[in-house]
Amino acid sequence: MSDRQYPTDLKFDELPDPKRVWAGEPGSREEGLGRLALLTDEVVQKAAAREIRTGRRVGLNWDLTKLEYPSLGRAACEHKIVPLLDAGFDDIYVMNPQQSSQWDGLRHWSTSVSSDGKQKRLWYGGTTKEEILDRSSDRVGMQHWAQEGITGRGVLVDYASWAAARGVRYSALSQHSIPLDDILAAARDQGVAFERGDILLVRTGLTRQWDREMDDAARRAYGAEVSPCHAGIEATTDVLRWIWDSGFAAVAGDAISFEVYPPLGDFMLHDYLLPGWGMPIGEMFDLERLSEVCRELNRWSFFFTSTPLNMPGGVSSPPNAQAIF
């Protein structure tokens, strides 16, 4: 965008370039927030006033020990307890946040764009690989999200339960592609009405499958796969249009990559949401207890709060997320 203002009033089909919805000056707070510009004080206050009724709380963070056997060359979390002055203990964590519940930050994924007649990969705002690898630069780092939080009205679409009730059987570790029509049908059956600034959560059943249906050998086999498969939302232009026009501030789910992977079409949602729109993508959130509470209360919206790690120049972060009813 030429004026570098986030175009919150434009429809998807009105965007001059859906791969370059860039806001703020390079290195600025506005650029670092990206799509979170939708979470204004008014939006957050309205969500808190309407959604917090009982004070009941549900954590959305999977164990940091999961995935015990991550794929794509990622390392499992290491946790050490070390003595302190013969009077206490400290923790030492060695971890890749991408291995368990996490937000993909704006430094995580790039997209291919045409510049001066050549194709090159850029991150949000036009951030380059060289800037990310320059440790003196924290452009579009995780600190921007940490300082304000990802907080507002959360909405759960329980696709896993909706599909099971209709006899749709699938593995969360397959290329099961979830059509947009099914997401919309599940939301209608739940009585969900989406609002501008919502934080969308989609349950596929991944954490349940990993925890309750897979033995250690099956988990090891997944971790050893060269090209692992992940169930998730289909990557289509219609999905992009729906996400943008619905006004979601962030999207997340329990799926390993949110969208179906490997991609079945010509592009990935990641190519647009992160480097194009500055939209957080949450993956491997533990939504099992949340789905149970939503069903019990017959409420599929709640106050959502998340405080990522305040790491200057961070690429990703555990969500430290919670739903409050």
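Here goes a summary of the coordinates provided. (Residues numbered from 1 in each chain as written. Predicted model: local features only at pLDDT ≥ 70, side-chain atom pairs only at ≥ 80, totals over all residues. Heavy atoms only, no water.)

Tracing the backbone through its elements, the reader meets Arg203 in the loop between strand S9 (199–202) and helix H7 (206–213). Classification of Arg203 by relative accessible area gives buried; the value is 7%. Separated by 32 residues in the primary sequence, Arg203 and Ser171 place their C-alpha atoms 13 Å from one another. Once you skip the residues sitting within four places of it in the chain, Arg203 turns out to touch Leu156, Val157, Asp158, Tyr159, Ala160, Ser161, Arg208, Asp254, Leu287, Glu288 and Ser291. A polar contact is formed between the side chain of Arg203 and the side chain of Asp158, at a distance of 2.7 Å. (Helix = DSSP H or I, 4+ residues; strand = E, 2+ residues; numbered from the N terminus. Buried < 20%, exposed > 50% of the residue type's maximum accessible area, 1.4 Å probe, protein only. Contact = heavy atoms within 4.5 Å. Polar contact = N/O pair within 3.5 Å; in protein donor to acceptor, adjacent residues only side chain to side chain.)

On to the side chain of Ser257. Tracing the sequence through the fold places Ser257 in the loop between strand S11 (250–253) and helix H10 (269–273). At 3.3 Å, the side chain of Ser257 forms a polar contact with the side chain of His230. Not counting residues within four places of it along the chain, the set of residues in contact with Ser257 comprises His230, His270 and Glu283.

Moving on: the layout of surface pockets. Approximately 320 Å³ is the volume attributed to the largest pocket. Taken together, 14 residues form the lining of the largest pocket, with Ala160, Ala164, Val168, Tyr170 and Glu213 sitting closest to its centre. For the lining of the largest pocket, the secondary-structure elements that each account for two or more residues are helix H5 (159–165) and H7. Looking at the lining of the largest pocket residue by residue, the classes come out as five nonpolar, five polar and four charged. (1 Å grid on protein atoms, 1.4 Å probe; cavity = no way out; pocket = protein on both sides within 12 Å on 5 of 7 lines; lining within 4 Å. Points joined across faces, edges and corners; volume = space filled by probe spheres on them. Nonpolar A, V, L, I, M, F, W, Y, C, P; charged D, E, K, R; others polar.)

What follows deals with the sheet that holds S9. Two strands in a sheet stick together by hydrogen bonds in their backbones, pointing the same way (parallel) or opposite ways (antiparallel). In space, the nine strands of this open sheet follow the order S1-S15-S13-S7-S9-S11-S12-S4-S14, with mixed pairing throughout. Either end of the sheet is taken by a strand with one partner, and the two such strands are strand S1 (57–59) and strand S14 (316–317). Summarising the sheet, strand S7 (residues 150–157) and strand S13 (residues 301–306) pair through six bridges and their orientation is antiparallel. The residue bridging Val155 from the neighbouring strand is Ser301, located in S13. (Pairing = 2+ DSSP bridges.)

Glancing now at empty space enclosed by the protein. As enumerated under the stated definition, the model contains one cavity of 30 Å³ or more in all. Of the residues assigned to the lining of the largest cavity, the class counts are five nonpolar, two polar and one charged.

Before going further, it helps to examine unusual backbone geometry. In this structure, the amide linkage connecting Lys66 to the following residue, Leu67, adopts the cis form with an omega of -10 degrees. Secondary-structure assignment places Leu67 in the loop between S1 and strand S2 (78–84). Here the amide bond leading from Tyr261 into Pro262 is cis, since omega sits at -5 degrees, within 30 degrees of zero. Within the fold, Pro262 resides in the loop between S11 and H10. Positive phi values are uncommon outside glycine, yet Asn298 reaches one of about 55 degrees. Under the relative-accessibility criterion, Asn298 is labelled exposed at 60%.

Now for the nonpolar core. Within the largest apolar cluster, 70 residues are counted, with the highest numbers of intra-cluster contacts made by Leu60, Leu201, Trp277, Leu290 and Phe304. Counting residues in hydrophobic clusters, the runner-up holds ten residues, among them Leu173, Met214, Ile256 and Met284. (Core = buried A, V, L, I, M, F, W, Y, C linked by side-chain atoms within 4.5 Å.)

Any aromatic ring pair is given by two values, namely how distant the centres are and how the planes are angled relative to each other. Scanning the entire structure with this criterion turns up 13 aromatic pairs. When the ring of Trp210 is compared with that of Tyr222, the centres are 5.7 Å apart and the planes differ by 90 degrees; the resulting orientation is edge-to-face. On the criterion of sequence distance, the pair formed by Trp210 in helix H7 and Tyr222 in helix H8 (residues 216–224) is long-range, its members being twelve residues apart. Of the two residues, Trp210 and Tyr222, neither departs from the other in class, the shared state being buried. Judged by centre distance (5.4 Å) and plane angle (70 degrees), the rings of Phe267 and Tyr272 are edge-to-face. As far as burial versus exposure is concerned, Phe267 and Tyr272 are alike and both buried. Ring pairs connect the aromatic residues Tyr6, Phe12, Trp244 and Trp277, which therefore count as one cluster. (Phe/Tyr/Trp six-rings, centres within 6.5 Å; stacked < 30°, edge-to-face > 60°.)

A word on helix H11 (residues 288–297). Listing the buried residues of H11 in full gives Glu288, Leu290, Ser291, Val293 and Cys294. Against the buried residues of H11 lie S1, S7, S9, H7, S13 and strand S15 (321–324). One or two residues past the end of H11 sits Asn298, with phi positive at roughly 55 degrees.

Pairing is possible between side chains that carry opposite charge, provided their charged atoms lie close to one another. Going through the model one piece at a time under the given rule, you end up with 20 salt bridges. The closest approach of N and O atoms between Asp13 and Arg241, which form a salt bridge, is 3.2 Å. Taken together, the residues span a long stretch of sequence, with Asp13 in the segment before helix H1 (29–33) and Arg241 in helix H9 (residues 237–246) at a distance of 228 residues. Overall, Arg241 belongs to the partly exposed group, its relative accessible area being 25%. The partner of Asp198 in a salt bridge is Arg153, with the nearest N and O atoms 2.7 Å apart. You can see Asp198 sitting in the loop between helix H6 (180–190) and S9 and its partner Arg153 sitting in strand S7, a full 45 residues away along the chain. Counted as one network, the salt bridges with shared partners bring together Glu51, Arg153, Asp198 and Arg299. (Salt bridge = Lys/Arg side-chain N within 4 Å of Asp/Glu carboxyl O.)

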